[in-house]
Amino acid sequence: MINLTAVLSQDFTPADLPAAVRAALGKPLRRAAPLTQLALVGALACLPPERRSRPTILLWQSTSGPRLETLTLLDEVCSGGAEPMPYDFLATQPAIAAAQIQSFLPGLQTAMHLPLDSEGMANWSLLLSLAIVWLNEGRCAQVLCAQLDHAAEAASSHWLALSRGPLENSPASLQLVKDTAGTSLPDTPDFPARLAEWLAANDSQTLSLHSPVAMKLTVEFTRL
């Protein structure tokens, strides 16, 4: 059985994000891009210390990606001034987020970034489908799925944590099924927030998330 172990949504201003990192670590994370900071704060909030060494996969999607960092680097290159700093270049690489948080999440084995090309779009159904398949195959013990986005004015993240096997206080299980006629939610960036509302409402027993590209592929959540 695949269990849902955490549902989390976070919103920060750029000025507040470093403080959230300090609160999570007890110290600042120097020269870390906003995406790295979002990944770190969210991952540690989803996983208690005793589960951070378990084999973990991180799957994350983003509409913004490292756009601001790339623009900063281009400005440095095009200005004709000094050579850009190495950490400015590294900040433009999405993979650096996983590399920089691995020391705080020692069980992290694999990370995958899925870029999105339109505002308001998401592909939670793909992230969750991959997570379910890989957990069932025994590739890892837990998967973190996230949407991370940041702009000049705001930063936001939405998270779902999944685990193979039962865990205490898990609110729901999930599985891949054929198309269902039950309660469903659209595949939007804030799907975890809508899922949290469904869990709190305590009405229907099941909830489905339909793939926007493969309508017969459905991720079904069942209350526990």
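Presented here is an overview of the structure given in this document. Everything numeric in this text was worked out from a predicted model, so none of it was measured.

1. Remarks on the pattern of salt bridges
Consideration 1: Counting across every chain of the model gives four salt bridges.
Consideration 2: Taking the shortest distance from any N to any O, the salt bridge between Glu137 and Arg139 comes out at 2.9 Å.
Consideration 3: Taking the shortest distance from any N to any O, the salt bridge between Arg194 and Glu197 comes out at 2.7 Å. Of this pair, Arg194 and Glu197 both sit in helix α7 (residues 191–201), three residues apart, which is roughly one turn of that helix.
Consideration 4: We classify Arg194 as partly exposed; its relative accessible area is 29%.

2. Side note on the side chain of Gln10
Consideration 1: Relative to the elements of secondary structure, Gln10 occurs in strand β1 (residues 2–12).
Consideration 2: Residues in contact with Gln10, not counting those within four places in the same chain, are Val41, Gly42, Ala45, Ala155, Ser156, Ser157 and Trp159.

3. Details of helix α2 (residues 34–46)
Given 3.6 residues to a turn, an α-helix orients residues that are three or four positions apart in the same direction.
Consideration 1: With 13 residues, α2 ought to run about 18 Å at 1.5 Å a step, and its terminal C-alpha atoms sit 18 Å apart, in line with that.
Consideration 2: Taken together, the buried positions of α2 are occupied by Leu35, Thr36, Gln37, Leu38, Ala39, Leu40, Val41, Gly42, Ala43, Leu44 and Cys46.

4. Brief notes about the nonpolar core
Consideration 1: Ranked by internal contacts, the top residues of the largest apolar core, which has 29 residues, are Leu4, Leu128, Leu162, Leu174, Phe191, Leu195 and Phe221.
Consideration 2: For this core, the element with the highest residue contribution is helix α6 (residues 124–136), accounting for seven residues.
Consideration 3: In contact with Leu174, not counting residues within four places along its chain, are Ile2, Asn3, Leu4, Leu128, Ile132, Leu162, Val219, Glu220 and Phe221.
Consideration 4: Ranked by size, the runner-up nonpolar core spans 28 residues in total, among them Leu8, Ala39, Ala146 and Ala155.

5. Regarding the packing of aromatic side chains
Consideration 1: Summed over the entire model, instances satisfying the criterion amount to two aromatic pairs.
Consideration 2: Between the aromatic rings of Trp124 and Phe191, the centroid separation amounts to 6.5 Å while the plane-to-plane angle is 45 degrees, which identifies the pairing as tilted. One end of the pair, Trp124, is in helix α6; the other, Phe191, is in helix α7, with 67 residues separating them in the sequence. The same class applies to Trp124 as to Phe191, namely buried.
Consideration 3: Ring geometry for Phe191 against Phe221: centres 5.9 Å apart, planes inclined by 45 degrees, an arrangement best described as tilted. A residue pair is termed long-range when its members are at least 10 positions apart, and Phe191 in helix α7 and Phe221 in strand β9 (residues 218–223) qualify at 30 residues.
Consideration 4: Cluster of aromatic residues (ring-pair linked, three or more members): Trp124, Phe191 and Phe221.

6. With respect to the pairing of β9
Consideration 1: Most of β9 sits inside the fold, with six of its six residues counted as buried.
Consideration 2: Both faces of β9 are covered, namely the face carrying Thr218, Glu220 and Thr222 and the face carrying Val219, Phe221 and Arg223.
Consideration 3: Across six bridges, strand β6 (residues 172–177) lies against β9 in antiparallel orientation. Paired with Ser173 across the bridge in β9 is Thr222.
Consideration 4: As defined by bridge partners, strand β8 (residues 206–210) adjoins β9 across five bridges and the pair is classed as antiparallel.

7. Quick notes on the sheet that holds strand β2 (residues 56–62)
Consideration 1: Across the sheet, nine strands lie side by side as β3-β2-β4-β5-β1-β6-β9-β8-β7; this open sheet has mixed pairing. The sheet is open, and its two borders are formed by β3 (108–115) and β7 (184–185), each paired with just one other strand.

8. Quick word on unusual backbone geometry
Consideration 1: One non-glycine residue, Asn169, lies in the positive phi region at around 70 degrees.
Consideration 2: Here Asn169 falls in the exposed class, since its relative accessible area comes to 71%.

9. Examining the packing of helix α1 (residues 17–25) against α2
Consideration 1: Running from N to C, α1 and α2 point in directions that differ by 40 degrees, and their axes come no closer than 10 Å. In this view, α1 runs oblique relative to α2, as classed from their interaxial angle. By crossing handedness, the relation of α1 to α2 is classed as left-handed. Across from Leu17, Pro18, Ala20, Val21, Ala24 and Leu25 in α1, the residues of α2 making contact are Pro34, Gln37, Leu38, Leu40, Val41 and Leu44.
Consideration 2: Residue composition of the contact of α1 with α2, grouped by class: eleven nonpolar, one polar and no charged.

What counts and what doesn't
- Within each chain, residues carry numbers counting from 1 in the order of the written sequence.
- Local features in this predicted model are restricted to residues whose pLDDT is 70 or higher, and side-chain atom pairs enter the listing and the counts only when it is 80 or higher, whereas totals over whole chains, interfaces and linings include all residues.
- With hydrogens and water excluded, all non-hydrogen atoms of the structure serve as input to the side-chain values.
- The salt bridge criterion pairs a side-chain nitrogen of Lys or Arg with a carboxyl oxygen of Asp or Glu, the two atoms within 4 Å.
- Segments assigned H or I by DSSP are reported as helices when at least four residues long, segments assigned E as strands when at least two residues long, and all are numbered from the N terminus.
- Burial classification: accessible surface area is computed with a 1.4 Å probe over protein chains only, and a residue below 20% of its type maximum counts as buried, one above 50% as exposed, and the rest as partly exposed.
- The contact rule is simple, with two residues in contact once any of their heavy atoms fall within 4.5 Å.
- Helix span, expected: 1.5 Å multiplied by one less than the number of residues in the helix.
- What is meant by a nonpolar core is a set of buried Ala, Val, Leu, Ile, Met, Phe, Trp, Tyr and Cys residues, joined one to another through side-chain atoms within 4.5 Å.
- When two rings of Phe, Tyr or Trp (its six-membered ring) have centres within 6.5 Å they constitute a pair, described as stacked for plane angles under 30 degrees, edge-to-face for angles over 60, and tilted for the intermediate range.
- Pairing between strands is defined by DSSP: at least two bridges between the two strands are required.
- Here, axes are lines fitted to C-alpha atoms. For helices the fit covers the stretch in contact, and angles between N-to-C directions go from 0 to 180 degrees.
- These descriptions rest on fixed angle ranges, namely under 35 degrees for roughly parallel, over 145 for roughly antiparallel, 65 to 115 for roughly perpendicular, and the rest for oblique.
- Crossing handedness follows the turn of the near helix against the far one: under a right angle anticlockwise gives a left-handed crossing, and clockwise gives a right-handed one.
- Under the convention adopted here, Pro, Cys and the residues Ala, Val, Leu, Ile, Met, Phe, Trp and Tyr are nonpolar, Asp, Glu, Lys and Arg are charged, and Gly plus all remaining residues are polar.

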